[in-house]
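# Structural overview
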Amino acid sequence: MINRILIRTRIVQIIYAWYQNTNKDLRMAEKELLFGLQKSYDLYYYLLLLMVELTKVYDARIEAKRNKYLPSDEDLNPNVRLIENKFIRQLSQNHQFNKYLNERPMSWREHDAFVKNLLDEILASDTYAEYCNDTKANYNDDREFWRKIFKQFIYNNEKLDEILEDESIFWNDDIEIVQTFVMKSIRQFSEETGENQRLLPMFKDDEDRRFALKLLHDTILNEQKYRQLIEHHSEKWDFDRIAFMDMIIMQIALAEIHTFETIPTNVSLNEYIEIAKSYSTPKSGTFVNGILDAIVAELRKNNIIFKN
């Protein structure tokens, strides 16, 4: 689940912090990197848990109405389609899901008001009304209902984004990407797999974890080599006035281009140009693109790199 976009972004943040700290400890930087990536994976489970929590809140609300002193017919005979949703029941009983939550406990209790308000929005929606009116709904319909709800009410929810930013400094940059992985997971659920439905792993394979650590190491250990390349190709600029974040982004980009032969150069360039647009100045994308293009052209001319 932790893809290379997230890895690159996290390394930019770690390297930026590295140069701000007086105590430069490579092992500590490694720990910070892996901790940040673990928090990204936590967010995946936290958003899955939100759907379960919404269902629990609705269940508690129905039970409270049933136990009123003078319950109405509606209180005694509520619509329980949401509670009986087969997809959400499967998720709440999922072995991998519950094992992770036991090992890394997390809860929505501190955001009870947000969850209740979100539930009210869902219950008032046309999506919910259509779902309740479909008397022939099956497992696929139950799963599709939550996919629609997630996309309509949770994805790009500004109030949710604020909560997540307050919960973890790492989640601010992860929210959109992780939400797409949650929707991917919903689509992958199958009734036949029951409690053993596989959720997305933290890393697709060990190679991505090695990529993260190797990129971090090479960026730091070969700083002088990459800084000299950047300075040489920035002759038209006042080197000392280059935006610090631009310098870091170019340094990491050069580390990736030099170190990973299987990653096409254009892929690396495009990724770091996009990072520059998001994390540095408005003109950084163009500037970083121009400097890196010139460096890559020279490296190819001198037969230092051969890949496309």
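Residues numbered from 1 in each chain as written. Predicted model: local features only at pLDDT ≥ 70, side-chain atom pairs only at ≥ 80, totals over all residues. Heavy atoms only, no water.

On a plain count of helices and strands, the protein comes out with 15 helices and zero strands. In terms of overall dimensions, the protein has a C-alpha envelope of 80 × 35 × 35 Å along the principal axes. When contacts within the protein are restricted to residue pairs at least 6 apart in sequence, those whose partners lie at least 24 apart make up 80%. Counting every atom, the protein has about 16700 Å² of accessible surface; 46% of that belongs to carbon and sulfur. For the protein, the distance from the average site of its 41 positive side-chain charges to the average site of its 51 negative ones is 3 Å. (Helix = DSSP H or I, 4+ residues; strand = E, 2+ residues; numbered from the N terminus. Contact = heavy atoms within 4.5 Å. Areas by Shrake-Rupley, 256 points an atom, 1.4 Å probe, with all protein chains shown as cover. Lys, Arg positive; Asp, Glu negative; His and termini not counted. Charge placed at Lys NZ, Arg CZ, Asp CG, Glu CD.)

This next bit is on unusual backbone geometry. A negative phi angle is the norm for most residues apart from glycine, just as the trans form is the norm for most peptide bonds. At Asn-156, a position not held by glycine, the phi torsion is positive, near 60 degrees. Take Asn-156: it is sitting in the loop between α8 (139-154) and α9 (158-167). For Asn-156, a relative accessible area of 47% translates into the label partly exposed. Phi at Asn-303 takes a positive value of approximately 55 degrees, unusual for a residue other than glycine. (Buried < 20%, exposed > 50% of the residue type's maximum accessible area, 1.4 Å probe, protein only.)

Further remarks concern α8. In this model α8 runs 21 Å from its N-terminal to its C-terminal C-alpha over 16 residues, within 8% of the 22 Å that 1.5 Å per residue would give. On its buried face, α8 sits against α2 (26-66), α4 (86-92), α6 (112-123), α7 (126-133), α9 and α10 (175-188). If you check the start of α8, you find a side-chain oxygen 3.1 Å away from the backbone N of Asn-140, and it comes from Asn-138. Directly beyond the C-terminal end of α8, a positive phi value near 60 degrees is found at Asn-156. (Expected span 1.5 Å × (residues − 1). Polar contact = N/O pair within 3.5 Å; in protein donor to acceptor, adjacent residues only side chain to side chain.)

Attention now moves to the environment of Asp-205. With respect to the helices and strands, Asp-205 occurs in the loop between α10 and α11 (206-221). Using a relative accessible area of 32% as the deciding quantity, one classes Asp-205 as partly exposed. A polar contact is formed between the side chain of Asp-205 and the backbone nitrogen of Glu-207, at a distance of 3.1 Å. Of the polar contacts made by the side chain of Asp-205, one reaches the backbone nitrogen of Asp-208; its length is 3.2 Å.

What follows covers the side chain of Arg-147. Position of Arg-147 relative to the elements: it lies in helix α8. Only 2.7 Å separates the side chain of Arg-147 from the side chain of Glu-144, close enough to count as a polar contact. Among all residues touching Arg-147, those that are not within four sequence positions of it are Ile-186 and Arg-187.

Attention now goes to helix α13 (residues 244-259). With 16 residues, α13 extends 23 Å from end C-alpha to end C-alpha; this agrees with the ideal 22 Å at 1.5 Å per step. Among the 16 residues that make up α13, 14 are buried, leaving the element largely enclosed by the rest of the structure.

When a protein is soluble and globular, its nonpolar side chains tend to lie buried together. Among the nonpolar cores identified, the biggest contains 103 residues, and Tyr-44, Met-51 and Trp-108 are the most heavily contacted of them. Beyond its immediate sequence surroundings of up to four residues, Tyr-44 is in contact with Met-1, Val-178, Phe-181, Val-182, Ser-185, Leu-199 and Leu-200. (Core = buried A, V, L, I, M, F, W, Y, C linked by side-chain atoms within 4.5 Å.)

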